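# A closer look at the structure
What follows is the residue order along each chain.
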Amino acid sequence: MKVGIVGAGMVGSSAGYALAVMGLASSVVLVDQNHDLAVAQAEDIAHAVPFLSSTIVEAADYVGLAGASVIILAAGVSQKPGESRLALLERNAAVFKDVVGNVLAVAPDAILLIASNPVDIMTQITQRISGLPANRVIGSGTILDTARFRSLLGRHLGISPQSVHAYVLGEHGDSEVLAWSNAKVGSLSLADIAAQVGSPITEHVRATIDDGVRNAAYKIIKGKGATYYGIGAGLARIIKAIAQDQHDVLTVSCVTPEIVGVKDVALSIPRVVGAQGIETDLMPDLVSTERDGLEKSARLLKDSIESIRL
């Protein structure tokens with residue numbers, strides 16, 4: 001599989017590195033407005049490849065994306081001092097109009113994988129701009145939040161996070177919903193596994209984990225300016241599901257016709273991901289507080305997308 005990445009900054013390059021070292025793509029092509037940056041990132045990643053895989057990593061212009069099966073969009077502009085969130089969104093929408101047009105001109109059959117924040121809104125903008133079916137415009141959504149949730153639960157219980165089945169739903173952002181009610185370890189509920197291993201899930205534990213998931217990005221950004229390794233690996237994980245047609249259940253974002261009474265909004269719920277992109281939506285059973293939280297998150301996103309001029 002050939003994978004393209006538009007935007008060779010820290011997120012795009014981290015995704016490229018993860019793809020290369022995992023050997024998930026036959027080739028990875030980086031495109032950036034700053035071509036020298038794309039070249040430097042591609043060469044640096046390529047120098048790691050001989051130790052781990054045989055992926056070809058190179059920089060190119062948009063024409064180099066021809067034949068790519070999946071293209072990661074990690075481009076965008078940064079917020080200016082004093083700039084409103086809406087103004088930033090409208091500037092990013094303008095950037096994406098240009099990027100998506102250039103991408104589809106050379107790779108009309110590619111699945112688009114959106115990494116730029118705010119990812120749910122940018123996913124919906126991309127789907128509108130591109131006119132592609134919603135299942136082929138996938139946002140990274142809450143895949144990273146879900147990984148953080150599972151990691152912290154596993155750490156508390158002394159269990160590998162890969163054996164923890166728990167999901168974060170809704171917005172990739174402040175209104176996200178941790179679905180505690182249906183979290184499991186193996187086939188056991190949280191209450192059962194916590195009792196068996198002697199690590200109860202108290203209200204304090206829940207609050208600590210919630211804070212660790214919800215505010216992880218703020219803490220990382222405060223310490224080093226940005227987050228990129230986690231989402232880079234998350235993007236590679238989504239591409240693995242597509243490349244190997246795994247039919248994996250992942251919390252990715254796409255435009256959803258209706259969810260908890262809100263129509264036509266992009267957000268994350270568990271979805272089956274395979275070679276054709278998103279194949280099936282899986283709506284989990286939720287308790288009333290979680291369902292209310294998901295509805296609030298969906299309405300917040302809906303209000304945001306309706307305020308943007310495209």
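That block above? That's the structure.
Attention in this report is confined to the structure presented alongside it. Everything quoted here is computed from the prediction, not taken from an experiment. (Residues numbered from 1 in each chain as written. Predicted model: local features only at pLDDT ≥ 70, side-chain atom pairs only at ≥ 80, totals over all residues. Heavy atoms only, no water.)

## Remarks on helix α6 (residues 190–197)
Every α-helix winds through 3.6 residues per turn, so residues three or four apart in the chain are directed the same way. Within α6 the residues assigned to the buried category are Leu 190, Ile 193 and Ala 194. All buried residues of α6 fall inside an arc of 100° around its axis, so they share one side. The outward face of α6, more than 90 degrees from its buried face, is lined by the exposed residues Ala 191, Ala 195 and Gln 196. At the exit of α6 stands Gly 198, carrying a positive phi of roughly 75°. (Buried < 20%, exposed > 50% of the residue type's maximum accessible area, 1.4 Å probe, protein only. Helix = DSSP H or I, 4+ residues; strand = E, 2+ residues; numbered from the N terminus. Arc of directions from axis to C-beta.)

## Notes on the side chain of Arg 150
Note on placement: Arg 150 falls in helix α5 (residues 143–157). The side chain of Arg 150 is buried and forms no salt bridge, while Asp 248, the nearest opposite charge, is found at 9.4 Å. At a separation of 3.4 Å, a polar atom in the side chain of Arg 150 contacts the main-chain carbonyl oxygen of Val 164. When neighbours within four sequence positions are excluded, Arg 150 is seen to be in contact with Pro 161, Val 164, His 165, Ala 166 and Tyr 167. (Lys, Arg positive; Asp, Glu negative; His and termini not counted. Salt bridge = Lys/Arg side-chain N within 4 Å of Asp/Glu carboxyl O. Polar contact = N/O pair within 3.5 Å; in protein donor to acceptor, adjacent residues only side chain to side chain. Contact = heavy atoms within 4.5 Å.)

## What about the environment of Ala 18?
With respect to the helices and strands, Ala 18 occurs in helix α1 (residues 10–22). Residue classification places Ala 18 among the buried positions, given a relative accessible area of 9%. For the pair formed by Ala 18 and Ile 231, sequence separation is 213 residues and the distance between their alpha carbons is 9.9 Å. Setting aside anything within four residues of it in sequence, one finds Ala 18 in contact with Gly 232, Ala 233 and Ala 236.

## Thoughts on a nonpolar patch on the surface
On the surface, Tyr 17, Phe 51 and Leu 52 cluster together into a nonpolar patch covering about 380 Å² of accessible area. By the element assignment, Tyr 17 lies in helix α1. Classification of Tyr 17 by relative accessible area gives partly exposed; the value is 42%. (Patch = residues over 30% accessible without salt bridge, like charges linked within 9 Å, V, L, I, M, F, W, Y side chains within 5 Å. Areas by Shrake-Rupley, 256 points an atom, 1.4 Å probe, with all protein chains shown as cover.)

## Considerations on unusual backbone geometry
Each neighbour pair has its own omega, and for Asn 117 with Pro 118 the value is -5°, a cis peptide bond. Take Pro 118: it is sitting in the loop between β5 (111–114) and α4 (119–130). A positive phi is found at His 247, a non-glycine position, where the angle reads about 55°. If you trace the backbone, His 247 turns up in the loop between α9 (229–243) and β12 (248–259). Owing to a relative accessible area of 43%, His 247 belongs among the partly exposed residues under this scheme. Located in the positive-phi region is Val 260, a residue other than glycine, with phi close to 40°. When you line up the elements, Val 260 lands in the loop between β12 and β13 (262–274). Take Val 260: its relative accessible area is 11%, and that puts it in the buried class.

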